[in-house]
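As a plain string of letters, each chain reads:
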Amino acid sequence: MRILVLGGDGYLGWPTALHLSDCGHDVAVADNYARRGYDHEMGVQSLVPIEPMQVRVDAWREVSGKTIKSYYGDLVDGDFTTEMIRDFRPDTIVHFAEQRAAPYSMIDRKHAVYTQQNNVVGNLNVLFAIQEVDPEIHLVKLGTMGEYGTPNIDIEEGWLEVTHNGRSDRMLYPKKPGSFYHLSKVHDSHNIEFACRIWGLRATDLNQGVVYGQETPQTVRDPRLATRFDYDAIFGTVLNRFVIQAVLGHPLTVYGSGGQTRGAIDIRDTVECIRLASENPAAQGEFRVFNQITESFSVGEIAKVVANSFDGQVEVEHVDNPRVEQHEHYYNVKHTGLVELGLEPHLLSNTLIESLFGVAEAHKDRVDLGAMRPTVNWRTASSPLRTDS
Ligand code: UPG
């Protein structure tokens, strides 16, 4: 297949492009390098050094003999988006190219507006480009489990059979997201479902959980192929942050009681889920939703797993929760769609965490401690970026 990976320079976009290329697909990546720009804005850098895109694709050609074409541009520019899709003529577009940090979207008005404009407008331009260039192109879009929030009923895969006053219908599952970022993905889902229903496009919305891990079988083939590893309080995801905190001998920052429960997934399963969704496309006109998680854990449980696997003393600190979220709640998520397509999950095991400790240990000198403690407060309209700013 010809597969275009939007956001192909990011934490997950790059390993996904490598995995798809390794599986024999003809892959191109597109990026505006905004993620590298957020590092500059916040004065931090990926824990693991990453190479510029040109070095990455050259290194991949050297180790695999395979070519990945790269496009530079911004999806918010509709003409660029349409021309790129017309030029590459993909069978599938994998769309990771969004601002993806909840705390970033909650810094202040400017960051909330940027997040929603960037994400919603970019995605709309992709939908219009598909409709114009070739409505048979399958859109594989990264959504988030955060679209659902933590409702007091079972979470289905995107759709819900509703009976109301004696009548029934299949409706989009109701959403209760927890940040302006998560809201941007809800808006995307609505726009995509509309495009499938009205224009007959085909799309798969992957509501992904919190990703952990840094290495895939492809990224470890050469240090120049490494993907980024974020540990800061704005972009770092919870398990990755706890690993580096353990290695540094810092307490694990559990927000609130730690009872809040989230779906999680290993980075190696993320890239495989994208392959499975791409190779088994949605039907024409179908808006298909999969919940891309393999297990659920409370934040307190994640802290325990990290502490128990670390060879040394680890403390847990209950920090006042800077976010507004439920701490004790029901959480039961259906996630059978991807398993039915053949996913064989890597469950959270000590082996993975131990290899992550190794990654963190090797690069711990690059950590900027001023970026470690949470500063973005959900309850105020404006927060500082760092503890030292
Ligand atoms: N948390 C802590 N301590 C920390 C960091 C986070 O307790 O030091 C908690 C936080 O309160 C939340 C949970 O951990 O309840 C998960 O937070 P985080 O790992 O930052 O994930 P999300 O904010 O949900 O966002 C990540 C990705 C996003 C993706 C989503 C999928 O950044 O792009 O959509 O996971 O659920």
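What you see is a predicted model; the values in this text were computed from it and never measured.

J.: Kindly report on the packing of helix H10 (residues 299-309) against helix H12 (residues 350-363), identifying the contributing residues and their values.
T.: Two elements in contact, H10 and H12, have axes separated by 10 Å at closest approach and are oriented at 70°. Overall, the two elements H10 and H12 adopt an arrangement that is roughly perpendicular. Packed against H10, whose contacting residues are Val305, Val306 and Ser309, the element H12 presents Asn350, Ile353, Glu354 and Phe357 at the interface. Here the contact of H10 with H12 is composed, by residue class, of 4 nonpolar, 2 polar and 1 charged.

J.: An account of the sheet that holds strand S13 (residues 295-298) is needed here, citing residue identities and associated values.
T.: The 3 strands are arranged S9-S11-S13 in an open sheet whose pairing can be described as mixed. Lying at the two open borders of the sheet, with one neighbouring strand each, are strand S9 (210-212) and S13. Here the average twist between neighbouring strands, direction ignored, is 45°. Bridging between strand S11 (residues 261-266) and S13 involves 4 bridges; their strand directions are antiparallel. Of the residues in S13, the one forming a bridge with Gly263 is Ser296. Sheet strands in contact with helix H9 (residues 267-279) are S9 and S11, and its direction is about 75° off that of S11.

J.: Go over empty space enclosed by the protein, please, and point to the residues and values.
T.: Scanning all chains against the criterion turns up 2 cavities of 30 Å³ or more. Here the largest cavity is characterised by a volume of approximately 60 Å³. What lines the second largest cavity is Pro103, Ala233, Ile234, Tyr255, Pro322, Arg323, Pro374, Thr375, Val376 and Trp378. Among the residues making up the lining of the second largest cavity, the classes are represented as 8 nonpolar, 1 polar and 1 charged.

J.: Give a description of the packing of helix H1 (residues 13-22) against H9 that names residues and reports values.
T.: Axis separation between H1 and H9 bottoms out at 9 Å; the angle between their running directions is 55°. With respect to H9, the element H1 is oriented oblique. Here the hand of the crossing between H1 and H9 comes out right-handed. Counted together, Pro15, Thr16, His19 and Leu20 of H1 and Ile267, Val271, Glu272, Ile274 and Arg275 of H9 form the full contact between these two elements. Class assignment for the residues of the contact of H1 with H9 results in 5 nonpolar, 2 polar and 2 charged.

About the criteria used
Every chain is numbered independently, its residues counted from 1 as its sequence is written. With the structure being a predicted model, the display of local features is reserved for residues of pLDDT at least 70 and the display and counting of side-chain atom pairs for 80 or more, all residues being used for whole-chain, interface and lining totals. Water and hydrogen atoms were dropped before computing side-chain values, which therefore reflect all heavy atoms in the structure. Angles here are taken between N-to-C directions and fall from 0 to 180 degrees, while the axes themselves are lines fitted to C-alpha atoms, restricted in helices to the stretch in contact. Where helices and strands are cited, they refer to DSSP runs of H or I of at least four residues and of E of at least two residues respectively, numbered from the N terminus. Convention used here: angles under 35 degrees read as roughly parallel, angles over 145 as roughly antiparallel, angles from 65 to 115 as roughly perpendicular, and any remaining angle as oblique. Any two residues having at least one pair of non-hydrogen atoms within 4.5 Å are treated as being in contact. Amino acids outside the nonpolar list (Ala, Val, Leu, Ile, Met, Phe, Trp, Tyr, Cys, Pro) and the charged list (Asp, Glu, Lys, Arg) are all regarded as polar, and Gly is one of them. DSSP-based pairing: two strands are paired if at least 2 bridges between them are found. Computed over the protein atoms alone on a 1 Å grid, cavities are sets of points where a 1.4 Å probe fits but cannot get out and pockets are open sets with protein on both sides within 12 Å along at least five of seven lines; a residue lines them when it has an atom within 4 Å of a point. Grid points are joined across faces, edges and corners, and a volume is the space filled by probe spheres set on the points. In a left-handed crossing the near helix is turned counterclockwise from the far helix by less than a right angle, and in a right-handed crossing that turn is clockwise.

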